Amino acid sequence: MTVTVTQETAPSSHYDRIGGANAVKAAVELFYDKVLADPELAAYFTSVDMAGQRRHLALMLAVVLGGPDEYAGRGLAEAHQPLGITAEQYAKVGGHLSAALTELGVPEDILTDVQAVLAQVQDQVVAAGTRPGA
């Protein structure tokens, strides 16, 4: 599936620009395909309900992109701090997300904004003892 941006209207959000819920769902599917194929990251998901995980990420990504705010799950720190995620693993996950969005044709300015959000929330996800200089 490719994401196309139409010029007919001037949507106000990144969410609308990439095609809304269907585009976010496609990005989440491709992202998790990449993460689950990564031997270093796949182990984090062995006992995870992936259908639920995909739903949670789609709702969260919609918010990041300026779409509807329907996310009611746990906060990032609560969900991730117990997992012992390193800065390197976080960077790999961010790389998989950027690759998925790029593959789907998401415009560069939107990719830049998503990467900025990833940088802003890194400390909530990366385990305290695994940060460089910690």
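Residues numbered from 1 in each chain as written. Predicted model: local features only at pLDDT ≥ 70, side-chain atom pairs only at ≥ 80, totals over all residues. Heavy atoms only, no water.

This next bit is on helix α6 (residues 87-103). Turn by turn, an α-helix covers 3.6 residues, leaving residues three or four places apart pointing in a common direction. The terminal C-alpha atoms of α6 lie 24 Å apart, and with 17 residues this matches the ideal 24 Å at 1.5 Å per residue to within 8%. Those residues of α6 lying buried are Ala87, Gln89, Tyr90, Gly94, His96, Leu97, Ser98, Ala100 and Leu101. The inward-facing, buried residues of α6 abut α2 (20-36), α3 (39-42) and α7 (108-125). Directly beyond the C-terminal end of α6, a positive phi value near 85 degrees is found at Gly105. (Helix = DSSP H or I, 4+ residues; strand = E, 2+ residues; numbered from the N terminus. Expected span 1.5 Å × (residues − 1). Buried < 20%, exposed > 50% of the residue type's maximum accessible area, 1.4 Å probe, protein only. Contact = heavy atoms within 4.5 Å.)

The next point concerns the side chain of His14. Note that His14 resides in helix α1 (residues 14-18). Taking the relative accessible area as the measure of exposure, His14 reaches 18% and is therefore buried. A polar contact is formed between the side chain of His14 and the side chain of Asp113, at a distance of 2.6 Å. Discounting residues that sit within four places of it in the chain, His14 has contacts with Leu65, Asp109, Ile110 and Asp113. (Polar contact = N/O pair within 3.5 Å; in protein donor to acceptor, adjacent residues only side chain to side chain.)

In this section: the layout of surface pockets. Empty space within the largest pocket amounts to approximately 970 Å³. Tyr32, Gln53, Leu57, Leu76 and His80 are, among the 30 residues lining the largest pocket, the residues nearest its centre. Broken down by class, the residue content of the lining of the largest pocket amounts to 23 nonpolar, six polar and one charged. (1 Å grid on protein atoms, 1.4 Å probe; cavity = no way out; pocket = protein on both sides within 12 Å on 5 of 7 lines; lining within 4 Å. Points joined across faces, edges and corners; volume = space filled by probe spheres on them. Nonpolar A, V, L, I, M, F, W, Y, C, P; charged D, E, K, R; others polar.)

Another point: the nonpolar core. If you look at the biggest cluster of nonpolar residues, it comprises 27 residues, and the most contacted ones within it are Ile18, Val24, Val28, Phe31, Tyr32, Leu65 and Leu101. Only α1, α2, α4 (50-64), α6 and α7 provide two or more residues apiece to this core. The element best represented in this core is α2, accounting for nine residues. Counting residues in each nonpolar core, the second largest holds seven residues, with Leu76, Ile85, Val121 and Val125 among its members. (Core = buried A, V, L, I, M, F, W, Y, C linked by side-chain atoms within 4.5 Å.)

Turning our eyes to something else, we now look at the pattern of salt bridges. Taken as a whole and judged by the stated rule, the model has five salt bridges. The salt bridge involving Lys34 is made with Glu103; its shortest N-O contact spans 2.7 Å. With Lys34 in helix α2 and Glu103 in helix α6, this pair connects stretches of sequence that are 69 residues apart. By relative accessible area, which is 51% here, Glu103 ends up exposed. Between Glu40 and Lys92 there is a salt bridge, with its nearest N and O atoms 3.2 Å apart. Remark: Lys92 occurs in helix α6 and Glu40 occurs in helix α3; sequence separation between them is 52 residues. (Salt bridge = Lys/Arg side-chain N within 4 Å of Asp/Glu carboxyl O.)

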